[in-house]
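If you want the building blocks of each chain, they are given just below.
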Amino acid sequence: MRARILLFLVLPFIVACAGAPRRSASWNPVGWPAKGLSTVGWHAADSEWPIVREVGWLFGSVGELAESPALLVEGLATLAPAKIAGGGRQIVYGTGATVASAWNLPFALVPGRAVDLGREAELVNAALIHLETVPPETWHLTAKDTRATIFPPGTRVRAAGKDLVWEIPGRPDVLQTALENPLWNAAQRLAGMNYAAQERTWGFIVPSKADWDRKPATQRVKTLLHEFVHQDTQLHELFLGWSLLYWPAYLTTFPFSGWTDHWAELGGTYGAGVINRALYGWQPPA
C-alpha cells in the first residue's frame, strides 16, 4: 500500500516532465562538462572490465545530473518551459542514478563475466519489427493497460561489443548490459528459486553465463526485451533512476499480488509481461 501511495505521489511529476528535453544544446557551454562526463561514462560502461564498467556507470550518472543546470539556464535564457521542466527532471533522475551507481560501485569486486547481448542484435530487431505488427488488444495485460505500443515505433538496437545500444526515436541512446552474478546465483540456490534474469538500471543480471548461453535464441531475445521494459520503462521512466525506491515498491507489493497481478510484471499499465504475450509463438526468421 505504501508503495502504491508513493507511486501515486510521484506520477504527477513524471507526467509533467514527459517529453521534456534531457540534453542541453551543443552550443551551451554550461552543458559541456555534462557531455564530457557522459561520453567518458558511456565508453567505460561498455567495457568488459568490472571496475571500469562500474566507474563508467557512475560517471554517466553524474553526467545526467550535470545536465540539470545546463537545461535550467538554457530554458531561462530562451524562455522555454520544456527545458526548465527538463532541468527539474534531470535533478531527480541524475540524483537517483548517481546514488544507485555509488551504491553499486563496491560490487565491482564481485567477479562476473559479461553476457554477449551484441550477438542478439539482428534477432532483437526482428522481434521489434514483429511487435509493431501485433494488435495492442492481444497483448494488453489488464483493462487498465491502455498502451498503444510497447516501444516507440522505429525503436531498434545495434551491437556495441557485448552490449546492446537501444536507438529510441526522440530520445538519447540507452545502453543495455547483462552480467552473470555469482552472489545472486548462490542466493537463488539457497532459496530454491530459478529465475532467468533480474533487472538493473543498466541492464540485467543472470545466474551464470553458461546457463544463459544454453538457452534457445528465442528465449534469450524474449528475456532481454522483457528486462529492457523493466530497465527503461520502469526504472528509468517511471522511477526516474531511483532503483532504491523501485525495489521496495516491487517487493512490498509482491506478497499481495504475486506475479499475475504485480504492477511491474503482469498487472497495470507498466507490466513487462507484455513482451511474453506479444511474442507468444514468435520464432526468429530463418
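Q: Even after reading the chapter, I still don't get the overall build of the protein, so can you show me in this structure?
A: Along its length, the protein carries 11 helices and 5 strands. Relative to the compact-globule value of 19 Å for 286 residues, the protein shows a C-alpha radius of gyration of 19 Å, a close match. Taken along the three principal axes of its C-alpha coordinates, the protein extends 55 × 45 × 40 Å. Long-range contacts, defined as pairs at least 24 residues apart, comprise 68% of the intrachain contacts of the protein with a sequence gap of at least 6. As presented, the protein carries roughly 13,800 Å² of accessible surface, and 67% of it is formed by carbon and sulfur atoms.

Q: What am I meant to see in a nonpolar patch on the surface here?
A: Judged by side-chain polarity, V99, W103, F107, L183 and L244 come together as a nonpolar surface patch covering roughly 500 Å² of accessible area. Looking at the secondary structure, you find F107 in the loop between α4 (81-104) and α5 (121-131). Take F107: its relative accessible area is 44%, and that puts it in the partly exposed class.

Q: Help me understand the packing of helix α2 (residues 32-45) against helix α3 (residues 50-78), please; the structure alone is not making it clear to me.
A: Two packed helices can be described by the angle between their axes and the distance between those axes. For the pair α2 and α3, interaxial distance at closest approach is 7 Å and the crossing angle is 155°. Considered as vectors, α2 and α3 are oriented roughly antiparallel to each other. Considering how the two elements wind past one another, α2 and α3 form a crossing that is left-handed. Residues A34, K35, L37, S38, V40, G41, A44 and A45 of α2 touch α3, and the partners they reach there are V52, R53, G56, W57, F59, G60, V62, G63, E64, A66 and E67. For the contact of α2 with α3, the class distribution of residues is 10 nonpolar, 5 polar and 4 charged.

Q: Even after reading the chapter, I still don't get the sheet that holds strand β1 (residues 156-160), so can you show me in this structure?
A: The pairing of strands in a sheet happens through backbone hydrogen bonds and is either parallel or antiparallel. If you walk across this open sheet you meet the 5 strands as β1-β2-β3-β5-β4, and the pairing is mixed. Of all the strands in the sheet, just β1 and β4 (198-200) have a single pairing partner and so form its edges. Strand-to-strand, the axes of this sheet are offset by a mean angle of 25°, without reference to chain direction. Pairing analysis gives 5 bridges linking β1 to strand β2 (residues 163-167), with the strands arranged antiparallel. Paired with A160 across the strands is D163, a residue of β2.

Q: Help me out: how do you make sense of the packing of α5 against helix α9 (residues 217-238) in this one?
A: The N-to-C vectors of α5 and α9 enclose an angle of 70°; their axes lie 10 Å apart at closest approach. Comparing the axis directions of α5 and α9 gives the class roughly perpendicular. For the crossing formed where α5 meets α9, the hand is right-handed. Each of L123, V124, A127 and L128 in α5 lies in contact with α9, whose residues at this interface are A217, V221, L224 and L225. Taken together, the residues that form the contact of α5 with α9 break down as 8 nonpolar, no polar and no charged.

Q: Just to check I follow, could you spell out the pattern of salt bridges for this structure?
A: Side-chain pairs of opposite charge can arise where the charged atoms are in close proximity. Taken as a whole and judged by the stated rule, the model has 18 salt bridges. Close ionic contact of D213 with R119 constitutes a salt bridge, the shortest N to O distance being 2.9 Å. Taken together, the residues D213 in helix α8 (residues 209-214) and R119 in the loop between α4 and α5 connect sequence positions 94 residues apart. A residue is classified by how much of its surface remains accessible, and R119, at 41% relative accessible area, is partly exposed.

Q: Just to check I follow, could you spell out unusual backbone geometry for this structure?
A: Peptide bonds are, in most cases, trans, and in most cases residues other than glycine have a negative phi. Notably, L79 is not glycine yet its phi reads approximately 55°, a positive angle. Among the structural elements, L79 can be located in the loop between α3 and α4. In this structure L79 comes out as exposed when scored by relative accessible area, which is 74%. For L240, which is not glycine, the phi dihedral falls at a positive 50°. Take L240: it is sitting in the loop between α9 and α10 (243-257). In this structure L240 comes out as buried when scored by relative accessible area, which is 5%.

Q: For this particular structure, what's the right way to read the confidence of the model for the protein?
A: The predicted structure's coordinates, where accompanied by low pLDDT, should not be read in detail. Overall, the prediction assigns the protein a mean pLDDT of 89, with 93% of residues at 70 or greater. Overall, residues 3-16 carries pLDDT values under 50, and its contacts beyond four positions in sequence, including any with other chains, amount to 16 contacts.

Q: I would appreciate a short explanation of α5 in the present structure.
A: The α-helix winds at 3.6 residues per turn, so residues separated by three or four positions along the chain end up facing the same way. Within α5, 8 of the 11 residues are buried, which leaves the element mostly enclosed by the surrounding structure. Every buried residue of α5 is listed here: A121, L123, V124, N125, A126, A127, L128 and L131. Against the buried residues of α5 lie β1, β2, α9 and α11 (274-278).

The rules we used
Residues numbered from 1 in each chain as written. Predicted model: local features only at pLDDT ≥ 70, side-chain atom pairs only at ≥ 80, totals over all residues. Heavy atoms only, no water. Helix = DSSP H or I, 4+ residues; strand = E, 2+ residues; numbered from the N terminus. Rg over C-alpha atoms; globule rule 2.2 N^0.38 Å. Contact = heavy atoms within 4.5 Å. Areas by Shrake-Rupley, 256 points an atom, 1.4 Å probe, with all protein chains shown as cover. Patch = residues over 30% accessible without salt bridge, like charges linked within 9 Å, V, L, I, M, F, W, Y side chains within 5 Å. Salt bridge = Lys/Arg side-chain N within 4 Å of Asp/Glu carboxyl O. Buried < 20%, exposed > 50% of the residue type's maximum accessible area, 1.4 Å probe, protein only. Axes fitted to C-alpha atoms, helices over the stretch in contact; angles between N-to-C directions. Parallel < 35°, antiparallel > 145°, perpendicular 65-115°, else oblique. Left-handed = near helix turned anticlockwise from the far one by under 90°. Nonpolar A, V, L, I, M, F, W, Y, C, P; charged D, E, K, R; others polar. Pairing = 2+ DSSP bridges. pLDDT = per-residue confidence, 0-100.

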